[in-house]
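The chain contents come next:
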Amino acid sequence: LAQVYQLGFALPLFNKGYKADIQASKVKERMAEVEYLYQKQIYNIEVKTLLAEIEKQMFILEHYEKDALLQADLIFQNVGKSYQLGEIDYTTFVQNSLQAWQIQTNYLDEVNLYNQAILRLELLKP
């Protein structure tokens, strides 16, 4: 009985092609990592900006709630009493009330800006 053995030696013919693919994959991986870090940095900046905006809006709203809205109420009370007592006519009543209306309108605008900043921050949450 004759036994046949075959011995072979294999050389990779496309070794350079695989090395290029590996290098390309490493480059793509590094590019993805850099893009991730860039996007993370943008995200952190947006969060910090929104937090600063929210803090500013809270300060403004606090001013309105402690001072400006009380002033508007006082204006309405005084103008209303003066009108009821006949000390001023309707045109003067309206003109004198405008400042109080403006204060209240500005307050509502600030509340809106505060709410928008809160919503934008909520939308950024992962």
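Since we're looking at a predicted model, the values are computed, not measured.

Our next topic: the packing of aromatic side chains. One pass over the structure, following the stated rule, counts five aromatic pairs. Arranged with centres 6.0 Å apart and planes meeting at 65°, the rings of Tyr83 and Tyr90 form a pair that is edge-to-face. Among the residues examined, Tyr83 registers a relative accessible area of 36% and is labelled partly exposed. Tyr90 gets classed as exposed once you look at its relative accessible area, which sits at 52%.

For the rest of this paragraph, the subject is the environment of Leu113. Examined against the element boundaries, Leu113 turns out to sit in helix H2 (residues 90–124). Residue class for Leu113 comes out partly exposed when judged on its relative accessible area of 36%. Sequence separation between Leu113 and Glu53 is 60 residues, and the spatial gap between their C-alpha atoms is 9.0 Å. With residues near it in sequence (within four places) discarded, Leu113 still touches Glu53 and Gln57.

Looking now at the pattern of salt bridges. For the structure on display, the rule yields four salt bridges. Residue Glu33 is joined to Arg30 by a salt bridge in which the shortest nitrogen-to-oxygen separation is 3.0 Å. Here Glu33 and its partner Arg30 are both found in helix H1 (residues 15–84), three residues apart, which amounts to about one turn of the helix. With a relative accessible area of 47%, Arg30 lands in the partly exposed category. A salt bridge links Lys125 to Glu122, with the nearest nitrogen and oxygen atoms 3.3 Å apart. With a relative accessible area of 51%, Lys125 lands in the exposed category.

Moving on, we come to a nonpolar patch on the surface. Taken together, the side chains of Tyr83, Tyr90, Val94, Leu98 and Trp101 present a nonpolar region at the surface, about 530 Å² in accessible area. If you tally residues by element for the nonpolar patch, the top one is H2, at four residues. Tracing the sequence through the fold places Leu98 in helix H2.

Definitions and cut-offs
- Residues numbered from 1 in each chain as written.
- Predicted model: local features only at pLDDT ≥ 70, side-chain atom pairs only at ≥ 80, totals over all residues.
- Heavy atoms only, no water.
- Phe/Tyr/Trp six-rings, centres within 6.5 Å; stacked < 30°, edge-to-face > 60°.
- Buried < 20%, exposed > 50% of the residue type's maximum accessible area, 1.4 Å probe, protein only.
- Helix = DSSP H or I, 4+ residues; strand = E, 2+ residues; numbered from the N terminus.
- Contact = heavy atoms within 4.5 Å.
- Salt bridge = Lys/Arg side-chain N within 4 Å of Asp/Glu carboxyl O.
- Patch = residues over 30% accessible without salt bridge, like charges linked within 9 Å, V, L, I, M, F, W, Y side chains within 5 Å.
- Areas by Shrake-Rupley, 256 points an atom, 1.4 Å probe, with all protein chains shown as cover.

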